Amino acid sequence: MTKLVQFYENYLSYTYGDIHSIVISSIDCKNPMIWIDEVRRNYSPSTLTRLLKSSDVETRRAATWALCFLGDETHYFPLGALLRDDSRTVRTSADEARRAIAARTQSPWHRQTAYAVEQFLADGDYRRAEELASHLIDETDGRSDVFYLRAWIRFSNGMIEQAVHDCKRALKLDRYSYQTCVALGQCYWHLGNDNAAMECYLEAARVYPDWEPARSAIAILADS
């Protein structure tokens, strides 16, 4: 057993199997994050990236767990490749790590602005939502998740072709964004291009086989 796997198992023992928990263990009053600190002391980011390709399932799983806390945007793509790993636990962990990195690399201003955009969208104020999302794109140097956000605003406002454009830009920045694949498929379906829509849904299922919305969209379109 490698040190990394041992650190991961120790962490789980402190969190009772919930990898996101940071509750102090009642057993010995130690914070489970000490095991993340141990990973930091013993493994460089490049080594963790290399271990994502290990032939051992537990090592890949432990590496994705570590990057959930220690990874940055350079790990986004190697983790994306694991979304279709043979092990479901590795696939799930890779998805969680990508989400954690995306959230952690947002500045406080980014998070506040994205929240404001979502509120405008919920209120049906599409103009203000799109203006703020466009400003967010300009200020964040074109992050994939922000193009995806503006695509949904435009889709909700009936600007389907513009939404298609944003989805394509998002996928150019992150080809593993299975959510964007489905969003693009929805756009094509509303434009009456069922073949293109199906291709998008199939690609989403290929990237991340466990995502139910992709499978549901494939089934619905196949039956229509």
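Residues numbered from 1 in each chain as written. Predicted model: local features only at pLDDT ≥ 70, side-chain atom pairs only at ≥ 80, totals over all residues. Heavy atoms only, no water.

Trainee: Looking at this structure, I do not really get the overall build of the protein chain. What am I missing?
Mentor: Across its full length, the protein chain carries 13 helices and zero strands. Secondary structure elements of the protein chain occur, N-terminal to C-terminal, as α-α-α-α-α-α-α-α-α-α-α-α-α. Dimensions of the protein chain, computed from the C-alpha atoms along their principal axes, are close to 55 × 40 × 30 Å. A separation threshold of at least 6 residues defines the contact pool for the protein chain, and within that pool the share at least 24 residues apart is 54%. When the accessible surface of the protein chain is split by element, carbon and sulfur atoms take 53% of a total near 11700 Å². (Helix = DSSP H or I, 4+ residues; strand = E, 2+ residues; numbered from the N terminus. Contact = heavy atoms within 4.5 Å. Areas by Shrake-Rupley, 256 points an atom, 1.4 Å probe, with all protein chains shown as cover.)

Trainee: Which parts of the structure should I look at to understand the side chain of Ser 87?
Mentor: Among the secondary structure elements, Ser 87 is positioned in the loop between helix 5 (76-81) and helix 6 (88-104). Those residues in contact with Ser 87, other than ones at most four positions away along the chain, are Val 57 and Arg 60.

Trainee: What is the right way to read helix 13 (residues 212-223) from this model?
Mentor: Counting along an α-helix, one turn takes 3.6 residues, and residues three or four places apart therefore face a common direction. Over its twelve residues, helix 13 extends 17 Å from the first C-alpha to the last, a length consistent with the 16 Å expected when each residue adds 1.5 Å. Those residues of helix 13 not exposed but buried are Ala 214, Ala 217, Ile 218 and Leu 221. Down the axis of helix 13, the buried set is contained in an arc of 100°. They therefore lie on one face. What points out from helix 13, more than 90 degrees from its buried face, is the exposed set Ile 220 and Asp 223. Buried residues along helix 13 sit in contact with helix 11 (178-190) and helix 12 (194-207). (Expected span 1.5 Å × (residues − 1). Buried < 20%, exposed > 50% of the residue type's maximum accessible area, 1.4 Å probe, protein only. Arc of directions from axis to C-beta.)

Trainee: Even after reading the chapter, I still don't get the packing of helix 9 (residues 144-156) against helix 10 (residues 160-173), so can you show me in this structure?
Mentor: Packed helices, taken two at a time, are described by their axes: the angle between them and the distance between them. Running from N to C, helix 9 and helix 10 point in directions that differ by 165°, and their axes come no closer than 8 Å. Accordingly, the angle class assigned to the pair helix 9 and helix 10 is roughly antiparallel. For the pair helix 9 and helix 10, the sense of crossing is left-handed. Touching Ser 144, Phe 147, Tyr 148, Arg 150, Ala 151, Arg 154 and Phe 155 of helix 9 are Ile 160, Gln 162, Ala 163, Asp 166, Cys 167, Arg 169, Ala 170 and Leu 173, all from helix 10. Of the residues contributing to the contact of helix 9 with helix 10, the split by class is nine nonpolar, two polar and four charged. (Axes fitted to C-alpha atoms, helices over the stretch in contact; angles between N-to-C directions. Parallel < 35°, antiparallel > 145°, perpendicular 65-115°, else oblique. Left-handed = near helix turned anticlockwise from the far one by under 90°. Nonpolar A, V, L, I, M, F, W, Y, C, P; charged D, E, K, R; others polar.)

Trainee: Even after reading the chapter, I still don't get the packing of aromatic side chains, so can you show me in this structure?
Mentor: What describes a pair of aromatic rings is the distance from one ring centre to the other and the angle between the planes of the rings. Counted under the stated rule, the structure contains ten aromatic pairs. Where Tyr 178 meets Tyr 208, the ring centres are 4.8 Å apart and the plane angle is 45°; that geometry is what we call tilted. Note that Tyr 178 is positioned in helix 11 and Tyr 208 in the loop between helix 12 and helix 13, a separation of 30 residues in sequence. Residue Tyr 178 is classed as buried on the basis of its relative accessible area, which comes to 1%. On the basis of relative accessible area, Tyr 208 is assigned to the buried category, the value being 7%. Taken together, the aromatic side chains of Tyr 8, Tyr 11, Trp 65 and Phe 69 make up a single cluster linked through ring pairs. (Phe/Tyr/Trp six-rings, centres within 6.5 Å; stacked < 30°, edge-to-face > 60°.)

Trainee: What is the right way to read the packing of helix 1 (residues 3-15) against helix 2 (residues 34-42) from this model?
Mentor: Close contact between helix 1 and helix 2 brings their axes to 9 Å; oriented N to C, the two are set at 165°. As summarised for this structure, helix 1 and helix 2 are arranged roughly antiparallel, according to the angle between their axes. Crossing handedness for the pair helix 1 and helix 2: left-handed. Taking contact as the criterion, the partners of Lys 3, Leu 4, Phe 7, Asn 10, Tyr 11 and Tyr 14 in helix 1 are, on helix 2, Ile 34, Trp 35, Ile 36, Glu 38, Val 39 and Asn 42. In the contact of helix 1 with helix 2, the residues fall into eight nonpolar, two polar and two charged.

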